[in-house]
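# Analysis of the macromolecular model
One-letter residues, chain by chain:
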Amino acid sequence: MKKSRFGFLREIRSNGSAYLLVVPAAIYTLVFGYFTLPYMLIAFQKFNFKTGLFNSAWVGFDNFKFFFSSPRAWEVTFNTLKLNFLFIIVGTLAAMALAILFNELRSRWFSRVTQSTILFPHFLSWVIVSYIIYSLLSTDYGILNRILAFFHIDPVNWYASPQYWTWILTTAAVWKDLGMNLVIYLAAITGIDDSYYEAGRIDGATRWQLIRHITIPLMLPTISILTLLALGKIMYGSFDMIYAIVKDNGLLYPTVDVIDTYVFRSLRTIGNPAQAMAVGLYQSVVGFILVWGSNKIVKKVNPDHALF
């Protein structure tokens, strides 16, 4: 045991600068990931700020009734699942396709410039993106309505038409995160041994056959792990995205209102943190079940592609 302990201390001393970089992330994870776990108890309490966590009255599952007895509970749950599934599926397919295309490019200069351009939206805040979307969809001065008017088509009041917003939000989410996913998938492709491609070329394989039988199969472990990680947050709507773009536009609630925005409005009007915690606990439990169940299925099909 002593040898192991001293070995660990020697490792820290020899790589001190590297471990120092980990400290902020470790502190953040401890404070917001572990030190807050006891506060899950308020989901089962009538929480009182004066009496505190361990002296508030217990109410059992009454706080869960706030959400599940609401007539809109299943609508916002469906919207959350629908949007997140679309974000995962469309985002994964788009990032995969672009990664393969960039890997096939012969001009490295063009590839680097284009990758940097696609990565740039990832660093924009959703507030800025909301103004970009407004400039496109504004009823009177939006670019899309100007294009429709040019072709003598009646303009669309986008912010009063909920049927369009599922795909508008999906497009915005994929556009913003595409660059980061592209980097990950390109790294996975770069890690593929060139000898596989050389063997394929010797056997007379075309470029498409190399992609189909080598690149895509060897990308599957990365795709599987990223998808499983994304499933863990599938019950959490992109609050910052939706609230920045849609705000409190009640006309669009039927297709864009998710659990997080619904709880935020309820918390803002009712002011009961216990009810918000109850919904958050429900989201976490369902997310855990989805990750565990999906990982078990993947493990049975191909253990090498499983997360754990």
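Note that this is a predicted model, so its numbers are computed, not measured.

Now for the overall build of the protein chain. Counting secondary structure elements, the protein chain contains 14 helices and 2 strands. When its C-alpha atoms are laid out on the principal axes, the protein chain stretches across 80 × 75 × 40 Å. Residues classed as buried in the protein chain amount to 37% of the 308 residues present. Across the protein chain, the fraction of contacts at a sequence separation of at least 24, relative to all contacts at a separation of at least 6, is 67%. In the form shown here, the protein chain has an accessible surface area of approximately 19,200 Å², with 69% of it arising from carbon and sulfur atoms.

Viewed as axis vectors pointing N to C, helix 6 (residues 126-137) and helix 8 (residues 165-190) meet at an angle of 130 degrees, and their least axial separation amounts to 12 Å. It follows that helix 6 is oblique to helix 8 by the angle criterion. The handedness of the crossing between helix 6 and helix 8 is right-handed. Two secondary-structure elements touch here, helix 6 through Trp126, Val129, Ile132, Ile133 and Leu137 and helix 8 through Trp165, Ile168, Ala172, Ala173, Trp175 and Lys176.

Looking now at the UniProt feature "domain: ABC transmembrane type-1" (unreviewed entry) in the protein chain. Per the UniProt entry, the sites bearing "domain: ABC transmembrane type-1" (unreviewed entry) are residues 77-294 in this numbering. In residues 77-294, helix accounts for 76% and strand for 0%; the two terminal C-alpha atoms are 19 Å from one another.

Here the focus is unusual backbone geometry. Residues other than glycine seldom take positive phi values, yet His152 does so here, at roughly 60 degrees. By the secondary structure assignment, His152 is in the loop between helix 7 (143-150) and helix 8. The exposed category is assigned to His152, whose relative accessible area is 76%. The phi angle at Lys247 is positive, at roughly 60 degrees, despite the residue not being glycine. If you trace the backbone, Lys247 turns up in the loop between helix 11 (239-245) and helix 12 (253-256).

The next thing to look at is the nonpolar core. Of all hydrophobic cores here, the largest spans 24 residues; its most connected members are Ile133, Trp165, Leu169, Met241 and Ile245. Residue assignment for this core shows that the elements contributing at least two residues are helix 4 (73-104), helix 6, helix 8 and helix 11. A total of 5 residues in this core trace back to one element, the largest contributor, which is helix 8. Once you skip the residues sitting within four places of it in the chain, Ile133 turns out to touch Tyr159, Trp165, Ala172 and Ile245.

A few words on the UniProt feature "transmembrane region" (unreviewed entry) in the protein chain. UniProt feature "transmembrane region" (unreviewed entry): in the numbering of this structure it lies at residues 20-44, 83-102, 123-144, 164-189, 210-231 and 274-293. Summarising residues 83-102: 100% helix, 0% strand, and an end-to-end C-alpha distance of 28 Å. Annotation note: span residues 210-231, helix share 100%, strand share 0%, distance between end C-alpha atoms 30 Å.

The class for Lys247 is partly exposed, based on a relative accessible area of 47%. C-alpha separation for the pair Lys247 and Asp193, spaced 54 residues apart in sequence, amounts to 48 Å. Setting aside anything within four residues of it in sequence, one finds Lys247 in contact with Ser130, Ile242 and Tyr253.

A few words on a nonpolar patch on the surface. On the surface, Leu20, Val23, Ile27, Tyr28, Leu30, Val31, Phe32, Tyr34, Phe35, Leu37 and Met40 cluster together into a nonpolar patch covering about 1,100 Å² of accessible area. Within the secondary structure, Leu30 is located in helix 2 (residues 16-34).

Before going further, it helps to examine the packing of aromatic side chains. For the structure on display, the rule yields 18 aromatic pairs. When the centroid spacing of 4.9 Å and the interplanar angle of 45 degrees are considered together, the rings of Tyr28 and Phe32 count as tilted. Here Tyr28 and its partner Phe32 are both found in helix 2, 4 residues apart, which amounts to about one turn of the helix. An aromatic cluster of at least three residues, connected via ring pairs, comprises Phe66, Phe67, Phe68, Trp74, Tyr262 and Tyr282. In this structure, Arg265 packs its charged tip against the face of Tyr253, placed 4.1 Å from the ring centre.

What counts as what
- Residues numbered from 1 in each chain as written.
- Predicted model: local features only at pLDDT ≥ 70, side-chain atom pairs only at ≥ 80, totals over all residues.
- Heavy atoms only, no water.
- Helix = DSSP H or I, 4+ residues; strand = E, 2+ residues; numbered from the N terminus.
- Buried < 20%, exposed > 50% of the residue type's maximum accessible area, 1.4 Å probe, protein only.
- Contact = heavy atoms within 4.5 Å.
- Areas by Shrake-Rupley, 256 points an atom, 1.4 Å probe, with all protein chains shown as cover.
- Axes fitted to C-alpha atoms, helices over the stretch in contact; angles between N-to-C directions.
- Parallel < 35°, antiparallel > 145°, perpendicular 65-115°, else oblique.
- Left-handed = near helix turned anticlockwise from the far one by under 90°.
- UniProt positions renumbered as here; feature names shortened; annotations may be inferred.
- Core = buried A, V, L, I, M, F, W, Y, C linked by side-chain atoms within 4.5 Å.
- Patch = residues over 30% accessible without salt bridge, like charges linked within 9 Å, V, L, I, M, F, W, Y side chains within 5 Å.
- Salt bridge = Lys/Arg side-chain N within 4 Å of Asp/Glu carboxyl O.
- Phe/Tyr/Trp six-rings, centres within 6.5 Å; stacked < 30°, edge-to-face > 60°.
- Lys NZ or Arg CZ within 6 Å of the ring centre and 35° of its normal.

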